[in-house]
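# Fold and contact review
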Amino acid sequence: MTSFFSTFSIRFLLGTLLLSLAGCEWVEFSPNDHRAPAEESHLTRKNLARLEQQTLPPGDTLRFVFTGDSQRFYEQADDFVESVNQQPGISFVMVAGDISDFGLSREMRWVNEKLSKLRVPYLTVIGNHDQVANGRAAYQEIFGPLNYTFTYAGTRFIMTDTNGREYNFNGRIPDVPWVEQQLADTVGVQRQVVMSHVPPEDPDFDPTLRPAYTAALRNAPRLVFELNGHRHDFHIGQPFDDGVTYINSFAFEKRQYVVLTVWGQKQFRLKTIAF
Amino acid sequence: MLRCAKAGALAAALFPLLAQAQEPIPGAGPFFLTVQIGGGIGTVAVGGGYRLARQQLEPEVLVGFVPRRLAGGPALGIITLKTTYIPFSPKLGQHLRVSPLTVGGMLNYTLGRRFFLTSQSTGRYPTKGYYWWSSAVRVGAFVGPRLTYVGAAAQGWRRTSAYAELSTNDLYLVSLLSNKTLSPAEILTLGLGAKISR
């Protein structure tokens, strides 16, 4: 024992080995370890900073790509990126949650590895799958806040966590007062878009909050539509017959996405693209 | 990744393939203690086991811990059942044994309210199999080299082994197999450990 560790060269080699391991991202303490290397964390903040640097589209028109549920569809993610990169006039990509399937940090980083090849920034909202296990902590580390807003080209995007079932329907998710407050703040805002993962008509949406949430949207005069994921297929309609349009995204597995063009106060055009 | 390559090269330098004829490892009783860093079973995991099958099989129980700061919430406790198979351990000089390849499997359970045995057991979800997997239980497999030092018979802890292992788990494997664009290297995890026995 003593003779073994007193051999200087072996001690030196072991020491250097340990130092290398400490900085080696292969050393994983648990698949539920929420940490991510600096270049793969705080992506919402980084993508918003990128968006801010981007020249505003000319005139009044804003065009963006709308998709969701990238969970474990890595092959489709590659083809999605290739297709979106050929679309003209796109300002950014919106992903309506369920970035991961198992709520694991590595999955979120795998998806980012693909989506970071987009020519434009991409923005996400948290999905129910992103909250499984330690996923909520991983999402916050890798992407960022569960509720946030940004304004681009006169359009205010309000991104909110509606995965009520993951919180045992505790009556606080979605955070309706927060949503109301964001919708009320219309300074410099021509139109509004709300995006969340679970649509309010879904059984995974907290039923006690459904009336208040849909009322908040109904009472927002500048709201163009609400964008959702979760159901894996495209749908557009007014499920509450209250004049509020809800659009559900294709999941990556459907090999289709939506291009949304908004202008004026509430005008929009919708195009579906196969890839 | 550069650091990983450096660690790999150093590990290779420590485990040269100068294999000599194999004899059973002398001395030391069947009980052993283990400490492991990483490898998906804790920042640090400690435990022990009992050698079976002419000391070629090492079943063991480990208790791992991921501190609060690294867990992004309450600290994680991980209980692991693990078995290592050491097919051969040729001699290298008077005191050293080199096992260029050990293989094994593990099953672990992560404690805490965030993790469920089945999604059904939470009472939160309307249908059976809402989430088909268990977020608490992981099944894994690993391969890796090992270096063993066997001391003189009079010594207290006669046998000391250092090992490295590359492992993966069921969910990473499902991710890899369900598409063609992830590479096998992306689902691997490195662990480093030591075992001692009297």
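None of these values were measured; they are calculated from a predicted model. (Residues numbered from 1 in each chain as written. Chains lettered and ligands numbered in written order. Predicted model: local features only at pLDDT ≥ 70, side-chain atom pairs only at ≥ 80, totals over all residues. Heavy atoms only, no water.)

Helix and strand counts for chain A come out as eight helices and 11 strands. The burial tally for chain A puts 60% of its 275 residues in the buried class. If you take every contact in chain A between residues at least 6 apart in sequence, the share linking residues at least 24 apart comes to 72%. Summed over all atoms, the accessible surface of chain A reaches about 10,500 Å², with 53% contributed by carbon and sulfur. (Helix = DSSP H or I, 4+ residues; strand = E, 2+ residues; numbered from the N terminus. Buried < 20%, exposed > 50% of the residue type's maximum accessible area, 1.4 Å probe, protein only. Contact = heavy atoms within 4.5 Å. Areas by Shrake-Rupley, 256 points an atom, 1.4 Å probe, with all protein chains shown as cover.)

Once that is clear, we can look at the environment of Val259(A). Residue and element names in this part refer to chain A. With respect to the secondary-structure elements, valine 259 resides in strand β10 (residues 256-263). It is 7.0 Å that separates the C-alpha atoms of valine 259 and arginine 63, two residues lying 196 residues apart in sequence. Leaving out residues up to four positions away in the same chain, valine 259 has contacts with Arg63, Phe64, Val65, Gln87, Ile90, Arg269, Leu270, Lys271 and Ile273.

Further remarks concern the packing of helix α5 (residues 105-115) of chain A against helix α6 (residues 135-142) of chain A. All names here are of chain A. Two elements in contact, α5 and α6, have axes separated by 9 Å at closest approach and are oriented at 35 degrees. Between α5 and α6 lies a crossing of right-handed hand. Packed against α5, whose contacting residues are Ser105, Met108 and Arg109, the element α6 presents Gly135, Ala138, Tyr139 and Ile142 at the interface. Residue composition of the contact of α5 with α6, by class: four nonpolar, two polar and one charged. (Axes fitted to C-alpha atoms, helices over the stretch in contact; angles between N-to-C directions. Left-handed = near helix turned anticlockwise from the far one by under 90°. Nonpolar A, V, L, I, M, F, W, Y, C, P; charged D, E, K, R; others polar.)

As a further point, take the nonpolar core. The biggest cluster of nonpolar side chains holds 56 residues, and the ones touching the most others in it are Val65(A), Phe80(A), Val93(A), Leu115(A), Leu118(A), Tyr122(A) and Phe143(A). Elements represented by at least two residues in this core include exactly α4 (74-84), β2 (93-95), α5, α6 and β10 of chain A together with α2 (68-71), β4 (76-85) and α3 (170-177) of chain B. Here this core gets five residues from one element, more than from any other, and that element is α4(A). The contact partners of Val65(A), leaving out residues within four places of it in the chain, are Phe80(A), Val84(A), Ile90(A), Phe92(A), Val93(A), Met94(A), Tyr257(A), Val258(A) and Val259(A). By size, the runner-up hydrophobic cluster in this structure holds 25 residues, among which are Phe92(A), Leu123(A), Tyr148(A) and Phe157(A). (Core = buried A, V, L, I, M, F, W, Y, C linked by side-chain atoms within 4.5 Å.)

This brings us to the confidence of the model for chain B. Residue and element names in this part refer to chain B. Across chain B, pLDDT averages 87, with 85% of residues at or above 70. Ranking the elements of chain B by mean pLDDT puts helix α1 (residues 2-14) last, at 54, and β4 first, at 97. Taken as a whole, residues 15-22 scores under 50 in pLDDT and shows 22 contacts with residues more than four places along the chain or in a different chain. (pLDDT = per-residue confidence, 0-100.)

Right, let's get into the packing of α4(A) against α5(A). Residue and element names in this part refer to chain A. One can describe the packing of α4 onto α5 by two numbers: an axis separation of 9 Å at closest approach and a directional angle of 25 degrees. In this view, α4 runs roughly parallel relative to α5, as classed from their interaxial angle. In terms of crossing hand, the pair formed by α4 and α5 is right-handed. Here α4 contributes Tyr74, Ala77, Asp78, Phe80 and Val81 to the contact with α5, which in turn contributes Glu107, Trp110, Val111, Lys114 and Leu115. Counted by class, the contact of α4 with α5 contains seven nonpolar, no polar and three charged residues. (Parallel < 35°, antiparallel > 145°, perpendicular 65-115°, else oblique.)

Another aspect to go through is the side chain of Asn112(A). All names here are of chain A. Its place among the elements puts asparagine 112 in helix α5. Relative accessible area serves as the criterion here: at 7%, asparagine 112 is assigned to the buried category. Beyond its immediate stretch of four places on either side in the chain, asparagine 112 contacts Glu40, Leu43 and Tyr122.

The next point concerns the sheet that holds strand β11 (residues 267-274) of chain A. All names here are of chain A. Strand order across the open sheet formed by five strands is β3-β2-β1-β10-β11, with mixed pairing between neighbours. The sheet is open, and its two borders are formed by β3 (122-124) and β11, each paired with just one other strand. The sheet shows a mean angle of 25 degrees between the axes of neighbouring strands, taken without regard to direction. The sheet contact formed by strand β1 (residues 62-67) and β2 spans three bridges and is parallel. Bridging from a neighbouring strand, phenylalanine 66 pairs with methionine 94 of β2. (Pairing = 2+ DSSP bridges.)

The next thing to look at is the pattern of salt bridges. Under the counting rule described, the total for this entry stands at 19 salt bridges over all chains. For Lys180(B), the salt bridge is made with Glu75(A), and the minimal N-O distance between the two is 4.0 Å. In this pair, Lys180(B) sits in the loop between α3 and β9 (189-197) while Glu75(A) sits in helix α4, so the two residues belong to two different chains. Of the residues examined, Lys180(B) reaches a relative accessible area of 73% and is grouped as exposed. Judged by relative accessible area, Glu75(A) falls into the partly exposed class, the value being 22%. Ionic contacts of the salt-bridge type, sharing partners, join the residues Arg51(B), Glu58(B), Glu60(B), Arg146(B) and Lys195(B) into one network. (Salt bridge = Lys/Arg side-chain N within 4 Å of Asp/Glu carboxyl O.)

Attention now moves to a nonpolar patch on the surface. Where nonpolar side chains cluster on the molecular surface, the patch consists of Val61(B), Val63(B), Ile79(B), Leu81(B), Leu107(B), Tyr109(B), Leu111(B), Leu117(B) and Val139(B) and spans about 730 Å² of accessible area. Residue assignment for the nonpolar patch shows that the elements contributing at least two residues are β3 (57-66), β4 and β6 (96-110) of chain B. (Patch = residues over 30% accessible without salt bridge, like charges linked within 9 Å, V, L, I, M, F, W, Y side chains within 5 Å.)

Further remarks concern the pairing of β3(B). Side-chain positions along a regular strand alternate between the two faces of the sheet. Residues and elements named next belong to chain B. What you see with β3 is a clean split: Glu58, Glu60, Leu62, Gly64 and Val66 sit on the buried side and Leu57, Pro59, Val61, Val63 and Phe65 on the side with no burial. One ladder, built from six bridges, connects strand β2 (residues 44-50) with β3; its direction is antiparallel. Following the sheet pairing, alanine 45 is matched in β3 by glycine 64. Turn length for the β2-β3 hairpin, with the two strands adjacent in sequence and antiparallel, is six residues, and the turn residue alanine 53 shows positive phi of about 50 degrees. Both β3 and β4 contribute to a ladder of 10 bridges, which runs antiparallel. Looking at the pairing, leucine 62 lines up with threonine 80 of β4.

With that out of the way, let us pick up the pairing of strand β6 (residues 191-196) of chain A. Residues and elements named next belong to chain A. Within β6, six of the six residues are buried, which leaves it mostly tucked inside the rest of the structure. Neither face of β6 is exposed, since Arg191, Val193 and Met195 on one face and Gln192, Val194 and Ser196 on the opposite face are all buried. Sheet topology places strand β5 (residues 155-160) next to β6; six bridges connect them, and they run parallel. The partner of arginine 156 across the bridge, within β6, is glutamine 192. With helix α8 (residues 210-218) bridging β6 and the parallel strand β7 (residues 223-228), this β-α-β connection has right-handed handedness. (Right-handed = clockwise from strand over helix to strand, strands pointing away.)

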